[in-house]
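# Results of the structural survey
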Amino acid sequence: MKKEFTVQEIMFLLLYALYAVAFIIDSSLIDFGTGIKLVRYTELLGLVILFCKMYVHKKWEIYLTVIFVAVFGITAYTVNQTQLLLVVGLLVCAKATSFRRIVATSLISTVFSLCVIVGSCLIGLIPDYTYERWDGLVHSFGFSYYSEIPFILLFAMMEYMYLRKKKLKWIELAVLCGASYVVFKMFMLRLAFVLTILCIVLYIIVVKYSIINLKWKVLGFITKTGFAICAAVSILLAYFYNADSSWMAKIDELLSTRLYNGHKAFEKYDLSFFGQWIQMTGNTEMNHMNGKEYFYIDCGYLFSFISYGILFTIVLICLFTFIFDRSRLLDNKMLFVWAVIIMLFSMINNTWIVVRYNPFIFALPMVAAPHIRERWREYRKRKYMVYHTFES
C-alpha cells in the first residue's frame, strides 16, 4: 500500500523540482536573465518555511543541521555561490519525504528539462555549439559543451535503475545499452560510455543476481575508505605531477590534461580552510572568447579541495562515506552501485554535489534513520543496565 503524500512532502518535492528544472535550464544556453535570482529567493523562502513546519526537536538533528548549515554557509560566502545554501536547505529538509520519491522527482525534472533545452535548440531558439572530435563534429544541443547531455543521461539512467531495482528486465537493460551506444556515437564521449557500461555490469552482478555479497569484509573496507582514498589519490597525483615523468605524462594524456591543470591549480592558488573563488576557463570560453588560456579543474575532489576548502571537502567525504557504508549495511544494492559510480566519476569530473540531476546526497535521512535508532537503543540499554546495577 502506497503511503499518501503529506503537505511537507508536496512542499519539498515541488521545491526540489523547481530547483532541478531551473538550474538544469540555467546551465544551458537559454537566457534565464533575472529569473534565476527569483528562483533562488523563492527556494530559500520555501525551504525556510518548510524547515519551520518540520520543527526539529531532537538533539542530534539540531547538531547536524547546525554543522551542515554552518559549513555550507561559510563556503557559499567565501566562494560566492548562493546555490550551496539551497543545496544544504534541501539536504536538511530531505527527511520530509522518501528518497525514492526524491529520485522519481529528479528523473522527471531531468527529462522535462532536457526536452525543453534540446527542443529549443532544434527549432533555433538557442544556439548549437559544435566541437571537433576524433571522428568528426559533435553538437552541444543547446548546452555550452557537448559533454553535458551524456553526463546528465548517465545519472538519469542510474535513477531509473534505482526506481526499478530488481524488477528491471533484460529487454530494458538491452535498451539502456543500445541507447548508451547511440549517445556515445553522437557525442563521442568515452568516459560517459564506460561508466554507463560499468553501471549496468555492476547492476547485473550486485542487484539482479546478487553475485557479490555486500556483507563481505573487503567491501566494508572499500565503503569506509573508498571516497577518502580516491580523493587522496586525485589530489596527490595533481600536486606531484611532473611532465618529465613518462608514466605521469601518459596518465595525463589519457585524462585529457587533467593532471596538468590540477597541478596548475596548486601553482595559482594557495590552500584555504574555508574556500576561495577560482576563475576557470573551459573549452567553451576558449572557442568563443579570444585571448583566454585553458584552465579547468575537472576532478571533483580536487576542485572541492582548492575551491570549496579543506573543511568543506572533509565534511563531504565523511557524508558520502557514511551513505556508501550504510548502503552496504542496509543491503541497498542499487544505492551501493550509485555510490561506486560517483566515487570513481568524481576523480575525473565534478558532479558529486550537482544535485540538480544527482540527488544521491539526499539519501542521508534514509540511511541515517536506522543508524540513529540502533545507537539510541544501545544507549537506552546501557543506561538501563547501569541504573539497575547501582539499584541492586
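The text that follows walks through the structure, step by step, so that each part is easy to find. Here the residue numbers are simple positions, counted from 1 along each chain's written sequence. Given that this is a predicted model, residues contribute local features only at a pLDDT of at least 70 and side-chain atom pairs are listed and counted only at 80 or more, while totals for whole chains, interfaces and linings are drawn from all residues. To get the side-chain values, all heavy atoms of the structure are used, and hydrogens and water are removed first.

### Side note on the overall build of the chain
Quick reminder of the rule: Here a helix means four or more residues in a row that DSSP labels H or I, a strand means two or more in a row labelled E, and each is numbered from the N terminus. Atoms counted for the radius of gyration: C-alpha only. Globule rule: 2.2 Å times the number of residues to the power 0.38. Contacts: residue pairs with any heavy atoms within 4.5 Å of one another. When charges are counted, neither His nor the chain ends are considered; positive counts come from Lys and Arg and negative counts from Asp and Glu. To locate a charge, the coordinates of NZ of Lys, CZ of Arg, CG of Asp or CD of Glu are taken.
Assigned secondary structure in the chain consists of 16 helices and two strands. Compactness check: the chain gives a C-alpha radius of gyration of 22 Å against a globular reference of 21 Å for 392 residues, within 12% of the reference. Seen through its principal axes, the chain has C-alpha atoms that stretch 80 × 50 × 45 Å. Long-range contacts, defined here as pairs at least 24 residues apart, represent 74% of the contacts in the chain between residues at least 6 apart. The chain carries 38 positive and 25 negative side-chain charges, and their two centres are separated by 13 Å.

### Describing helix 6 (residues 148-164)
Rules: Here, expected helix span is obtained from the residue count minus one, scaled by 1.5 Å. Classification of residues uses two cut-offs on accessible area relative to the type maximum, computed with a 1.4 Å probe and protein chains only: under 20% is buried, over 50% is exposed, and between them is partly exposed.
Look at helix 6: 25 Å from first C-alpha to last across 17 residues, which is about the 24 Å you get at 1.5 Å a residue. In terms of burial, helix 6 is largely enclosed, as 14 of its 17 residues are buried. One or two positions beyond helix 6, positive phi appears at Lys 165, with a value near 50°.

### Describing the pairing of strand 1 (residues 130-133)
The cut-off we apply is this: For two strands to be treated as a pair, DSSP must find no fewer than two bridges joining them.
Bridge count between strand 1 and strand 2 (residues 136-139): four bridges; the pairing is antiparallel. The residue of strand 2 that forms the bridge with Glu 132 is Leu 137. In this antiparallel pair of consecutive strands, strand 1 and strand 2, the connection spans two residues.

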